[in-house]
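The lines below spell out each chain.
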Amino acid sequence: RLAQQTAPNSWHVIAMTDQADKMPAGQQQWKAALETVLRERRISLAAQPIAQTADKSSILHLEIFSRIILEEEGRMFSADRFLPYAERLGLTPLLDRVVMEEVMKLDRKELNCDHVAVNISPTSLCDPSFMEWIRKALKKPSQSAPRVTFEFSEFAAIHNLSLIKDFQTFAHDCGHTISLDHFGQAFSNFAYLRSLHPEDVKIDRAYTGEIKDIESDTRFYAASLCNIAHSVDVAVIAVGVETELQYELLRDLNIDAVQGFFIEPPKPIAFYLKGR
């Protein structure tokens, strides 16, 4: 399901580790587990910074990740483990709401960051209950709540363009923006960028990971994607930046910002609330 949501001909690998033996075994077990998680709000937030390419110590915003706590002993599972079941069971709108409620409780002063990015599913935008809630929540946020960039995969945006444009209009009116993830994987006509005009696009980590040297074909493709986005005044973020060499090669491409373990790995939100 994660591969389907990314782009045509995509694949997604989940390593079979010890964690797999501790996961719910089937759809009914997952249904019961996720309903308990949502009812008891067993959601843990983590964050990873997005830094300016010109100065990697300058943090532009934080991307928020959610993990669920399945059992009393606090065993956590990341999104790639539970999202496919949440989608299949129709629980994504409720999951997105619980995550957003926790995000909007954050204090941007304590966070030392005015701006966060959060992934939500287009499925949630089709849910009347979720839309009624989020419209009210965005119209009347707490004074300390951070500004939010709502992230959608490029593939999802192309296939739900009018839906996301309608949401974007409302979000903009409330001071928030949208972003596109997995940019360049859908192999699409990029004309949609001009009409949608997201805050930024994130070059898919599949390309970043293949940038090995200055002669790399993938580096040329990443440069082309960057030029396309910049031609319509959209900022570009490279994700999955793991090494100094990747960072230096991307910096030379006029990429606006970078995200990855080379900058900082995801950490519990408490790390950022406590300050550096």
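Data block above holds the structure.
The rules behind these values
Residues numbered from 1 in each chain as written. Predicted model: local features only at pLDDT ≥ 70, side-chain atom pairs only at ≥ 80, totals over all residues. Heavy atoms only, no water. Helix = DSSP H or I, 4+ residues; strand = E, 2+ residues; numbered from the N terminus. Buried < 20%, exposed > 50% of the residue type's maximum accessible area, 1.4 Å probe, protein only. Contact = heavy atoms within 4.5 Å. Pairing = 2+ DSSP bridges. Phe/Tyr/Trp six-rings, centres within 6.5 Å; stacked < 30°, edge-to-face > 60°. Lys NZ or Arg CZ within 6 Å of the ring centre and 35° of its normal.

1. What to know about the environment of Phe 82
With respect to the secondary-structure elements, Phe 82 resides in helix H4 (residues 79-88). Residue Phe 82 is classed as buried on the basis of its relative accessible area, which comes to 0%. Remark: the alpha-carbon pair of Phe 82 and Leu 34, spanning 48 residues in sequence, is separated by 8.3 Å. The residues contacting Phe 82, other than those within four sequence positions of it, are Trp 30, Leu 34, Ser 66, Arg 67, Ile 68, Phe 77 and Leu 95.

2. Topic: the pairing of strand S4 (residues 115-119)
Taking burial as the measure, the five residues of S4 include four buried ones, the bulk of the element. As defined by bridge partners, S4 adjoins strand S5 (residues 147-153) across five bridges and the pair is classed as parallel. Bridge assignment links Val 118 to a residue of S5, and that residue is Phe 150.

3. So, the packing of aromatic side chains
One pass over the full model with this rule turns up eight aromatic pairs. By way of ring pairs, the aromatic residues Phe 150, Phe 152 and Phe 167 are connected into one cluster. Here Arg 135 stacks its cationic end above the ring of Phe 170, 4.7 Å away from the centre of that ring. Over the aromatic face of Phe 271 sits the side chain of Lys 267, whose NZ or CZ is 4.2 Å from the ring centroid.

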